[in-house]
Number of protein chains: 4
Amino acid sequence: MKIGRQAHHSSAISTSNEATILVRGRDLARDLVGTLSFTEHFWLLVTGALPSAAQRRVLDATLVAIAEHGLVPSVQASRLTLAAAPEALQGAVAAGILGCGSVVLGSSEAAGRFFADVAAAAGGASLEAAATQVVGAYREAQRAIPGYGHPLHKSADPRAARLLALATEAGVAGRHVEIATTVERLLPQLTGRELALNVSGAIPAVLLDAGFPLLALKGVPLLARTAGLVAHLLEEQQRPIGFVMSHAAARAIDYDGAAPPGFEPSEEG
Amino acid sequence: MKIGRQAHHSSAISTSNEATILVRGRDLARDLVGTLSFTEHFWLLVTGALPSAAQRRVLDATLVAIAEHGLVPSVQASRLTLAAAPEALQGAVAAGILGCGSVVLGSSEAAGRFFADVAAAAGGASLEAAATQVVGAYREAQRAIPGYGHPLHKSADPRAARLLALATEAGVAGRHVEIATTVERLLPQLTGRELALNVSGAIPAVLLDAGFPLLALKGVPLLARTAGLVAHLLEEQQRPIGFVMSHAAARAIDYDGAAPPGFEPSEEG
Amino acid sequence: MKIGRQAHHSSAISTSNEATILVRGRDLARDLVGTLSFTEHFWLLVTGALPSAAQRRVLDATLVAIAEHGLVPSVQASRLTLAAAPEALQGAVAAGILGCGSVVLGSSEAAGRFFADVAAAAGGASLEAAATQVVGAYREAQRAIPGYGHPLHKSADPRAARLLALATEAGVAGRHVEIATTVERLLPQLTGRELALNVSGAIPAVLLDAGFPLLALKGVPLLARTAGLVAHLLEEQQRPIGFVMSHAAARAIDYDGAAPPGFEPSEEG
Amino acid sequence: MKIGRQAHHSSAISTSNEATILVRGRDLARDLVGTLSFTEHFWLLVTGALPSAAQRRVLDATLVAIAEHGLVPSVQASRLTLAAAPEALQGAVAAGILGCGSVVLGSSEAAGRFFADVAAAAGGASLEAAATQVVGAYREAQRAIPGYGHPLHKSADPRAARLLALATEAGVAGRHVEIATTVERLLPQLTGRELALNVSGAIPAVLLDAGFPLLALKGVPLLARTAGLVAHLLEEQQRPIGFVMSHAAARAIDYDGAAPPGFEPSEEG
């Protein structure tokens, strides 16, 4: 059946014949393999154009910043999945990626939209006023302000400061970085809480200023975390801890449902 | 419950405190962000050590080579998934990754194991004899020889030649590249078929020679394709073709089950 | 690190010791296996109580109604994934489930929330007024009215009428069924379009009236489609069509990116 | 591109037109919704025919038996995923399903193949001899004997005994049940270990005897666990424990990589 409007029938990313693969109009084997770094290739794939040195540098920095942070929930889900289904590494990677959602890792895109909202509200006028207005609208709609606060890095997220400094060094810091820091400064008076800019706020700030598309922002933590997941899944094959983590997690939870008189759960819960 | 042996209780990839995140023993924000390329960081994550320039160059080349090849099944599955569930980009990426399996994209790892089997069989002796023996054993077990043949690039996969040339240029080509080309040369007489080395054969050959771990090989196409998927999912948001592909796919299939007399399926099948 | 509030530390679904598994307080092997149907067990798992005969009948009907509708996008994604990765049936099922999203199959939950909004707006007063108000609010926010309209079953979705009739027969049809039909009647004047109640609107209407929890509604199409996916994946192993669909889908799309002069894409695009 | 052989171009599961949906040749809305139980519909979808009362009873029993067993790794992965990505229930279900692999839940299919191997080896002759031969071959190939042993239910899995008794009551117990119990009896002398038949061994034994197809066996735990996952994900929305489990899991693991002198990890690891 025909679902949805079907106005488009083409793609501009890649085509091929027996001898040649074109990616974004370029001969992959001849012109890209061995010439571009993977980060440059990612920018080319997403935008259709090669990055400048500054754009490449900022994208590299964001990918490095968000690739790894230890045994976070998505890494745990991935390692548990490999322990249970070692025949399919791709399934374990997919399980990890599915945990890059709105709460834990996917807030880069939400923060990017928030900054874009502030930029649109400001027009040519004061960022303070625009930020105050947009933060107010979010709070009225009971939406969290994305990109601020971190459960561990409470006073400052070291990755955020580094990314902003780097964007300045690279000469790309602009309107979105300014919005990100303005909001950070205003948040205590607007919300009564000190919430520092976190890595998921810094990433869209520097990438939007560098010209990376808003609708692909979520791809940056997804790609970066895939690299971290591969490292964890290699370690899981060599020194498995998936079932150890599972056992500890189960022991942390009590059963509070009904039970027959005298029923004793096994120690492990 | 305690599942499996639980001998290990530690991880060596990352730890942190409020001020600092360590990745492979290094201060992430201070020493890695803005210093390493994403490819160097991926090597560090997986192996625990920084790559040499040659290692970095070979890993970059393999990631660029395998990131994108048009509307292949995994890309289609990913775009169909985003069309149906636009609220979760991570789900669409995961669906694409799940199609990196033993048949289509995951054969890098199988080819790496095959090359390692030949290397082990050879010991210090003739690669021809070892290759003949291992190919024979695979055929007796009715297993395909992984890493050879391509449905489109029949006479030669342009990415394979480029990767091998680059590994030679970079000075890392060694035993596994020699095995890969030896097998390619012997296959017509051993199997009666001309099957050229494909990209999934070239990737493990050059990466094993560069010192990348066998058990992480499958992570290379998984990471690379994630970059391609992000590009396709941006395009799917801007110029959607998921439902167009779905409609065409459904029309290609007839219904041959039972039906009441006179039943007319809708044109679209 | 501690993410989020951590107020709860218990679960009421299942516990066990070496001799006995309790599910919702009952001895699984002794009292449930061989006694309950799977549908009754699903109700017990979700709600903690056994269903009445009417509740069981309505839940069975919704699961049967939504389990299968041919080669829809999620089935295609699942069959493509199995073709590419036959080693992991669970990955193919997961890929199919990921396509049960807000656009194609997941609208049961959205429709349930919409009906609940109308019920809340009505209080004890007129459903017409409440429906008019809530539909207006959705349209002002540019949100689609979930549960109405179908790309193939344009004048009526045969499953919807059957489910409503069955809920009446079973004696459970109540407020939510009334809202569903009231909205269907009002939509032409409110939106200028004739949109018939579809299966994803009928399912929450009858299930909410039967007492099934709103926050588990999306589980009904997910569970039902898993049954359909298993059937398709058995057929895919016996009479594979995944790559045939993939080929047809790729041929339906043109490449409109840049290309060197004289470049001829292979026929298959 | 054309991948693989493309000999088949049809499907026999479902077709439709504007007024009617056919499933396995029957009018879904008129003849199946409200008439069949979900379990009967699942059998019809998979096999193309309606089940007998005995077949339905056995299939119901297996689905009930395997649907739920507390906070096992796949349930944990699913709840962690919902905690991190609450916008996509389907992603959390998919993450749980990805953990139904060869080690934890997917061994039903492996056990079914093992029983089929023994049946084939026996021909009309002694099951003891055939079982001895096939167990020997598995052990020589260093493959585990699937369907025996359980980390918690060490002396007996209560679900296995119940399923076998039920198959006998229903009159379907036959060759595969006989093989399952014969192997259980022989294992101590063949392997030196007492390993009781577990639920993943009992399920294929009774289902193969009931006529359920071998290649769809893995679909039974996948479908059943989806029901359990839906219950857990409802509870996770109402009384979240995902991040509590994640915190406990992380605390169970030490960091044993390099660190600068004096570095103190945060308490939570």
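Residues numbered from 1 in each chain as written. Chains lettered and ligands numbered in written order. Predicted model: local features only at pLDDT ≥ 70, side-chain atom pairs only at ≥ 80, totals over all residues. Heavy atoms only, no water.

1. Notes on the overall build of chain A
Secondary structure summary: chain A contains 12 helices and five strands in total. Along the longest, intermediate and shortest principal axes, the C-alpha atoms of chain A span 70 × 60 × 45 Å. Counting the 269 residues in chain A, one finds 64% classified as buried. Within chain A, contacts between residues at least 6 apart in sequence are counted, and of these 70% link residues at least 24 apart. Surface accessibility of chain A: about 8900 Å² in total, with carbon and sulfur atoms responsible for 50%. (Helix = DSSP H or I, 4+ residues; strand = E, 2+ residues; numbered from the N terminus. Buried < 20%, exposed > 50% of the residue type's maximum accessible area, 1.4 Å probe, protein only. Contact = heavy atoms within 4.5 Å. Areas by Shrake-Rupley, 256 points an atom, 1.4 Å probe, with all protein chains shown as cover.)

2. A look at the sheet that holds strand β2 (residues 14-16) of chain A
Residues and elements named next belong to chain A. If you walk across this open sheet you meet the three strands as β2-β3-β4, and the pairing is antiparallel. Both edges of this open sheet fall to β2 and β4 (26-27), since each of them pairs with a single strand only. Strand direction decides the pairing type here: strand β3 (residues 21-23) and β4, joined by two bridges, are antiparallel. Each residue of the ladder has a partner; that of V23, found in β4, is R26. (Pairing = 2+ DSSP bridges.)

3. Here's the deal with the interface of chain B and chain C
Taken together, the contact pairs 36 residues of chain B with 36 residues of chain C. Summed over the three residues of chain B that lose the most area to chain C, namely A84, L98 and I253 of chain B, the buried surface amounts to 18% of that side. Counting across the interface, chain B meets chain C through four salt bridges. Linking K218 of chain C and E87 of chain B is a salt bridge whose minimum nitrogen-to-oxygen distance equals 4.0 Å. The tally of links from chain B across to chain C stands at 10 residue pairs in polar contact (both at pLDDT 80 or more). Of all the elements in the fold, those that place two or more residues in the side of chain B that touches chain C are α4 (73-84), α5 (89-98) and α12 (242-251) of chain B. When its residues are assigned to classes, the side of chain B that touches chain C shows 23 nonpolar, eight polar and five charged. (Buried area = accessible area lost by both parts, 1.4 Å probe. Salt bridge = Lys/Arg side-chain N within 4 Å of Asp/Glu carboxyl O. Polar contact = N/O pair within 3.5 Å; in protein donor to acceptor, adjacent residues only side chain to side chain. Nonpolar A, V, L, I, M, F, W, Y, C, P; charged D, E, K, R; others polar.)

4. Things to note about the side chain of H41 of chain C
Counting through the fold element by element, H41 of chain C comes out in helix α2 (residues 38-47). For H41 of chain C, a relative accessible area of 0% gives the class buried. Not counting the four nearest positions on each side in its chain, H41 of chain C is found in contact with V23, L28, L32 and L36 of chain C together with V64 and A67 of chain D.

5. Some thoughts on the relation of the copies chain B and chain C
Here chain B sits on chain C after a turn of 180° about the axis and a move of 0.0 Å along it, with an RMSD of 0.0 Å. Taken together, the rotation and translation describe the operation of a two-fold axis. Most of the interface of chain B is mirrored in chain C, where 100% of its interface residues are also at the interface. (Least-squares fit on C-alpha atoms with pLDDT ≥ 70 in both.)

6. Here we look at the side chain of S16 of chain D
Topologically, S16 of chain D is positioned in strand β2 (residues 14-16). Every residue in contact with S16 of chain D, bar those within four places of it in the chain, is listed here: F263, P265 and S266 of chain B, H69 and L152 of chain C together with I21 of chain D.

7. Observations regarding the environment of T132 of chain D
Residue and element names in this part refer to chain D. Here T132 shows up in helix α7 (residues 127-140). Among the residues examined, T132 registers a relative accessible area of 35% and is labelled partly exposed. For the pair T132 and T226, spaced 94 residues apart in the sequence, the C-alpha separation amounts to 36 Å. Aside from chain neighbours lying at most four places away, what touches T132 is L186 and L190.

8. Focus on the relation of the copies chain D and chain C
The two copies are related by a screw motion: chain D maps onto chain C through a turn of 180° and a shift of 0.0 Å along the axis, at an RMSD of 0.0 Å. A shared binding surface is used by both copies, with 100% of the interface residues of chain D retained as interface residues in chain C.

9. A short note on the sheet that holds strand β3 (residues 21-23) of chain C
An order of β2-β3-β4 (chain C) is seen for the three strands of this open sheet, with the pairing classed as antiparallel. Every interior strand has two partners, whereas the edge strands, β2 (14-16) and β4 (26-27) of chain C, have only one.

10. With respect to unusual backbone geometry
Phi at Q142 of chain B takes a positive value of approximately 55°, unusual for a residue other than glycine. Within the fold, Q142 of chain B resides in the loop between α7 (127-140) and α8 (158-169). Positive phi is not limited to glycine here, since R24 of chain D has a value of about 50°. For R24 of chain D, the location among the structural elements is in the loop between β3 (21-23) and β4 (26-27). Residue classification places R24 of chain D among the buried positions, given a relative accessible area of 15%.

11. Some remarks on the packing of aromatic side chains
Tallying each qualifying case throughout the model produces 18 aromatic pairs over all chains. Ring centres 6.1 Å apart and planes at 50° place the aromatic pair F42 of chain B and F212 of chain B in the tilted group. With a gap of 170 residues between them, F42 of chain B in helix α2 (residues 38-47) and F212 of chain B in the loop between α10 (199-210) and α11 (219-238) connect regions that are remote in the sequence. Each ring, one from F114 of chain C and one from F115 of chain C, has its centre 5.7 Å from the other, and the planes form 50°; the classification is tilted. Residue class for F115 of chain C comes out buried when judged on its relative accessible area of 0%. Joined through ring pairs, the aromatic side chains of F42, W43 and F212 of chain A make up one cluster. (Phe/Tyr/Trp six-rings, centres within 6.5 Å; stacked < 30°, edge-to-face > 60°.)

12. So, the interface of chain D and chain C
With 87 residues of chain D at the contact, the number on the chain C side is 87 residues. Between chain D and chain C, roughly 7700 Å² of surface is buried when both sides are summed, and carbon and sulfur atoms account for 70% of that area. At 14 residues, helix α11 (residues 219-238) of chain D tops the list of elements feeding residues into the side of chain D that touches chain C. For the side of chain D that touches chain C, the residue count by class is 46 nonpolar, 28 polar and 13 charged.

13. A word on helix α8 (residues 158-169) of chain D
The end-to-end C-alpha distance of α8 of chain D, which contains 12 residues, comes to 17 Å, matching closely the 16 Å that a straight helix rising 1.5 Å per residue would cover. With its phi angle positive at about 80°, G171 of chain D sits one or two positions after the end of α8 of chain D. (Expected span 1.5 Å × (residues − 1).)

14. Points about the environment of A160 of chain B
Structurally, A160 of chain B can be placed in helix α8. Those residues in contact with A160 of chain B that sit more than four places away from it in its chain are L197, N198, V199 and A202 of chain B.

15. A word on the packing of helix α6 (residues 107-122) of chain D against α7 of chain D
Pairs of packed helices are described in terms of their axes, by the angle between the two and the distance that separates them. Residue and element names in this part refer to chain D. The geometry of α6 relative to α7 is characterised by a closest axis approach of 8 Å and an angle of 125° between their N-to-C directions. Classified by the interaxial angle, the pair formed by α6 and α7 is oblique. Every pair of crossing elements has a handedness; the one defined by α6 and α7 is right-handed. Along the contact surface, α6 presents R113, F114, D117, V118, A121 and A122, while α7 presents L127, A130, A131, Q133, V134, V135 and Y138. Looking at the contact of α6 with α7 residue by residue, the classes come out as 10 nonpolar, one polar and two charged. (Axes fitted to C-alpha atoms, helices over the stretch in contact; angles between N-to-C directions. Parallel < 35°, antiparallel > 145°, perpendicular 65-115°, else oblique. Left-handed = near helix turned anticlockwise from the far one by under 90°.)

16. Let's talk about the environment of P265 of chain B
Structurally, the position occupied by P265 of chain B is in the segment after β5 (254-255). Owing to a relative accessible area of 37%, P265 of chain B belongs among the partly exposed residues under this scheme. With 10 residues separating them in the primary sequence, P265 of chain B and Y255 of chain B have C-alpha atoms 8.5 Å apart. Those residues in contact with P265 of chain B that lie beyond four places of it in its chain are T15, S16 and N17 of chain D.

17. Re the confidence of the model for chain A
Per-residue confidence for chain A gives a mean pLDDT of 95, with 99% of residues at or over 70. Across the interfaces of the predicted complex, the ipTM metric reaches 0.97, alongside a pTM of 0.97. (pLDDT = per-residue confidence, 0-100.)

18. Digging into the pattern of salt bridges
Taken as a whole and assessed by the stated rule, the structure comprises 48 salt bridges over all chains. Between R56 of chain C and D60 of chain C there is a salt bridge; the shortest N-O distance is 3.2 Å. Taken together, the residues R56 of chain C and D60 of chain C, both in helix α3 (residues 53-66) and four residues apart, mark about one turn of the helix. In this structure D60 of chain C comes out as buried when scored by relative accessible area, which is 2%. The structure contains a network of salt bridges with shared partners spanning R79, E235, E236 and R239 of chain A together with D256 of chain D.

19. Section: helix α6 (residues 107-122) of chain C
Structurally, the α-helix is built with 3.6 residues per turn, so residues lying three or four positions apart point the same way. Residue and element names in this part refer to chain C. The terminal C-alpha atoms of α6, which comprises 16 residues, lie 22 Å apart, in line with the 22 Å expected from a rise of 1.5 Å per residue. Three or more residues of α6 are buried, namely S107, S108, E109, A111, G112, F114, F115, V118 and A122. The inward-facing, buried residues of α6 contact α7 (127-140), α9 (175-191), α10 (199-210) and α11 (219-238). Just downstream of α6, G123 is the residue with a positive phi angle, here 55°.

20. Digging into the state of the cysteines
Within the structure shown, the criterion is met by zero disulfides over all chains. Left unpaired, C100 of chain C is separated from the closest cysteine sulfur, that of C100 of chain D, by 16 Å. (Disulfide = S-S within 2.5 Å.)

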